[in-house]
Amino acid sequence: MKKYYAREALLPQGWARDVTIAVDNGDIVEVKAGARGGERLAGPVLPGMANLHSHAFQRAMAGLTEMRGPGADDFWTWRELMYRFVERVTPAQAQAIARHLYIEMLLHGYTAVAEFDYRARAQGASRRRARSRHRNHAPAGAL
């Protein structure tokens, strides 16, 4: 078991000082305010955030739709481009895209994600199959 020390931490009861966080096999097993000891963490400690609406494959679309197209370009033309894009993404590519996005999210404080997969519609897969494809690479707490 590894212990960490935070001078300040945001706990369910509010801000606390001198907080010890015990971690066993990657799981937080104990949080104790008013205690010292363990590896000191820099700065205040906050709980991880949840991304409650993610379309991971859209990370790979970055740059494709930021500029308005010719004529009457609106949400519906963006949506058609999105569906054309997602029809070409294979399950292996979607997994790689999601894995990279989830790593970026973890680095920025997101510890859970609710993933919405348009490939289910685009490829005719059931919602259950689409969700199960993401389970093997989603961060802890996702789905």
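A brief structural summary. (Residues numbered from 1 in each chain as written. Predicted model: local features only at pLDDT ≥ 70, side-chain atom pairs only at ≥ 80, totals over all residues. Heavy atoms only, no water.)

Description of a nonpolar patch on the surface
Residues Leu10, Trp15 and Leu46 make up a contiguous nonpolar surface patch of about 330 Å² in total accessible area. Here Leu10 is to be found in strand E1 (residues 2-11). By relative accessible area, which is 33% here, Leu10 ends up partly exposed. (Patch = residues over 30% accessible without salt bridge, like charges linked within 9 Å, V, L, I, M, F, W, Y side chains within 5 Å. Areas by Shrake-Rupley, 256 points an atom, 1.4 Å probe, with all protein chains shown as cover. Salt bridge = Lys/Arg side-chain N within 4 Å of Asp/Glu carboxyl O. Helix = DSSP H or I, 4+ residues; strand = E, 2+ residues; numbered from the N terminus. Buried < 20%, exposed > 50% of the residue type's maximum accessible area, 1.4 Å probe, protein only.)

Let's talk about the environment of Tyr110
The topology assignment puts Tyr110 in strand E6 (residues 110-115). Look at Tyr110 and you get partly exposed, because its relative accessible area is 29%. Along the backbone, Tyr110 and Met49 are 61 residues apart, and their C-alpha atoms lie at a distance of 4.5 Å. What Tyr110 contacts, discounting residues up to four positions off in sequence, is Met49, Ala50, Asn51 and Met105. (Contact = heavy atoms within 4.5 Å.)

Details of the side chain of Glu115
Within the fold, Glu115 resides in strand E6. Take Glu115: its relative accessible area is 10%, and that puts it in the buried class. Reaching out from Glu115, the side chain makes a polar contact with the side chain of Ser54 at a distance of 3.0 Å. Side-chain polar atoms of Glu115 contact the backbone nitrogen of Ala56, separated by 2.6 Å. (Polar contact = N/O pair within 3.5 Å; in protein donor to acceptor, adjacent residues only side chain to side chain.)

With respect to the pairing of strand E2 (residues 14-24)
One ladder, built from nine bridges, connects E1 with E2; its direction is antiparallel. Counterpart to Tyr5 in the pairing with E2 is Thr20. Following E1, the chain reverses through two residues before pairing antiparallel with E2. With six bridges joining them, E2 and strand E3 (residues 27-33) adopt antiparallel strand pairing. Counterpart to Thr20 in the pairing with E3 is Lys32. What sits between the antiparallel neighbours E2 and E3 is a turn of two residues, in which Asn25 has the positive phi angle 55 degrees. (Pairing = 2+ DSSP bridges.)

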